[in-house]
Amino acid sequence: QVQLVESGGGLVQPGGSLRLSCAASGSIFSIYTISWYRQAPGKQRELVARITSGGSTNYADSVKGRFTISRDNAKNTGYLQMNSLKPEDTAVYYCNADIREVVSRSTGNYWGQGTQVTVSS
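Conventions adopted
- Along each chain, the written sequence defines residue order, and numbers are assigned to residues from 1.
- Only residues with pLDDT of 70 or above have their local features reported here, since the model is predicted, and side-chain atom pairs are shown and tallied only from 80 upward, although totals for entire chains, interfaces and linings are computed over all residues.
- Side-chain metrics rest on all non-hydrogen atoms present in the structure, leaving aside hydrogens and water.
- Note on disulfides: each one is a pair of cysteine sulfur atoms within 2.5 Å.
- What counts as a helix is a DSSP run of H or I of at least four residues, what counts as a strand is a run of E of at least two, and both are numbered from the N terminus.
- Exposure is judged per residue with a 1.4 Å probe applied to protein chains only, and the accessible area is read against the type maximum: over 50% gives exposed, under 20% gives buried, and values in between give partly exposed.
- Residue contacts are counted whenever heavy atoms from the two residues lie within 4.5 Å of one another.
- Counting of polar contacts relies on pairs of N or O atoms within 3.5 Å, with two restrictions inside protein: one atom must be capable of donating a hydrogen and the other of accepting it, and residues adjacent in sequence are counted only when both atoms are side-chain atoms.
- Working definition: rings of Phe, Tyr and Trp (its six-membered ring) pair if their centres are within 6.5 Å, and the pair is stacked with planes under 30 degrees apart, edge-to-face with planes over 60 apart, and tilted otherwise.
- Here, strands pair whenever DSSP counts at least two bridges between them.

### What to know about the state of the cysteines
And then number 1: With the rule as written, the count across this model stands at one disulfide.
And then number 2: The partner cysteine of Cys22 in its disulfide is Cys95, sulfur to sulfur 2.0 Å. Its torsion about the S-S bond being -75 degrees, the disulfide of Cys22 and Cys95 is classed as left-handed. With Cys22 in strand E3 (residues 18-26) and Cys95 in strand E9 (residues 91-101), the pair connects residues that are 73 residues apart, well separated along the chain.
And then number 3: Judged by its relative accessible area of 3%, Cys22 is buried.
And then number 4: Look at Cys95 and you get buried, because its relative accessible area is 0%.

Below, the structure written as structure tokens:
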């Protein structure tokens, strides 16, 4: 059984920073792509950033230059560093990952439970 757990969300003032973490646990053989999505009230879930197993990254235009996605393969953890936060960044942020399991050797797509980020003065 594989689980993803996000942490690091909270309330921050405009212009502030937060660092989200996504820790994977369980019977993990390998983690491929790690992605961060967000969903604001009344809006569809959208891709924020993605990092491949090789370290290639891509970002939504709305966060380019402000957010940085990274990963620590030894810790089975992904990160999203968010700087210069704006009120429109307020959303629930979800971690998503493609993970190959040890026993079955099958690759599944997993979601975390989400962490709330609120940007407000």
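### Describing the side chain of Glu101
And then number 1: Note on placement: Glu101 falls in strand E9.
And then number 2: Excluding its chain neighbours within four sequence positions, the residues that come into contact with Glu101 are Gln1, Val2, Ser27, Phe29, Ser106 and Tyr110.

### A short note on the environment of Thr90
And then number 1: Assignment of secondary structure puts Thr90 in the loop between strand E8 (77-82) and E9.
And then number 2: Considering only alpha carbons, one finds Thr90 and Arg38, 52 residues apart in sequence, at a separation of 8.7 Å.
And then number 3: Ignoring sequence-local partners within four residues, the contact set of Thr90 consists of Ala40, Gln116, Val117, Thr118 and Val119.
And then number 4: Within the structure, Thr90 has its side chain in polar contact with the backbone oxygen of Pro87 (distance 2.9 Å).
And then number 5: A polar atom in the side chain of Thr90 sits 2.9 Å from the backbone nitrogen of Val119.

### Notes on the environment of Ser56
And then number 1: Topologically, Ser56 is positioned in the loop between strand E5 (46-51) and strand E6 (57-59).
And then number 2: Judged by its relative accessible area of 48%, Ser56 is partly exposed.

### A closer look at the packing of aromatic side chains
And then number 1: Enumeration over the complete set of coordinates arrives at two aromatic pairs.
And then number 2: Here Tyr37 and Trp111 contribute two aromatic rings whose centre-to-centre distance is 5.0 Å and whose plane-to-plane angle is 55 degrees, an arrangement assigned as tilted. Here Tyr37, found in strand E4 (residues 28-39), pairs with Trp111, found in strand E10 (residues 107-111); they are 74 residues apart in sequence, far enough to count as distant.
And then number 3: Owing to a relative accessible area of 17%, Tyr37 belongs among the buried residues under this scheme.
And then number 4: Residue classification places Trp111 among the partly exposed residues on the basis of a relative accessible area of 36%.
And then number 5: A ring pair is formed by Tyr94 and Trp111, whose centres lie 6.5 Å apart and whose planes are at 80 degrees; its orientation type is edge-to-face.

### What to know about the pairing of E8
And then number 1: The buried fraction of E8 amounts to five of the six residues, a majority that puts the element mostly inside the structure.
And then number 2: With six bridges connecting them, E3 and E8 associate as antiparallel partners. Across the sheet, the residue bridging to Cys22 is Gly78, located in E8.
And then number 3: Linking strand E7 (residues 67-72) back to E8 in an antiparallel pair, the connection comprises four residues, with Asn76 at a positive phi of about 50 degrees.

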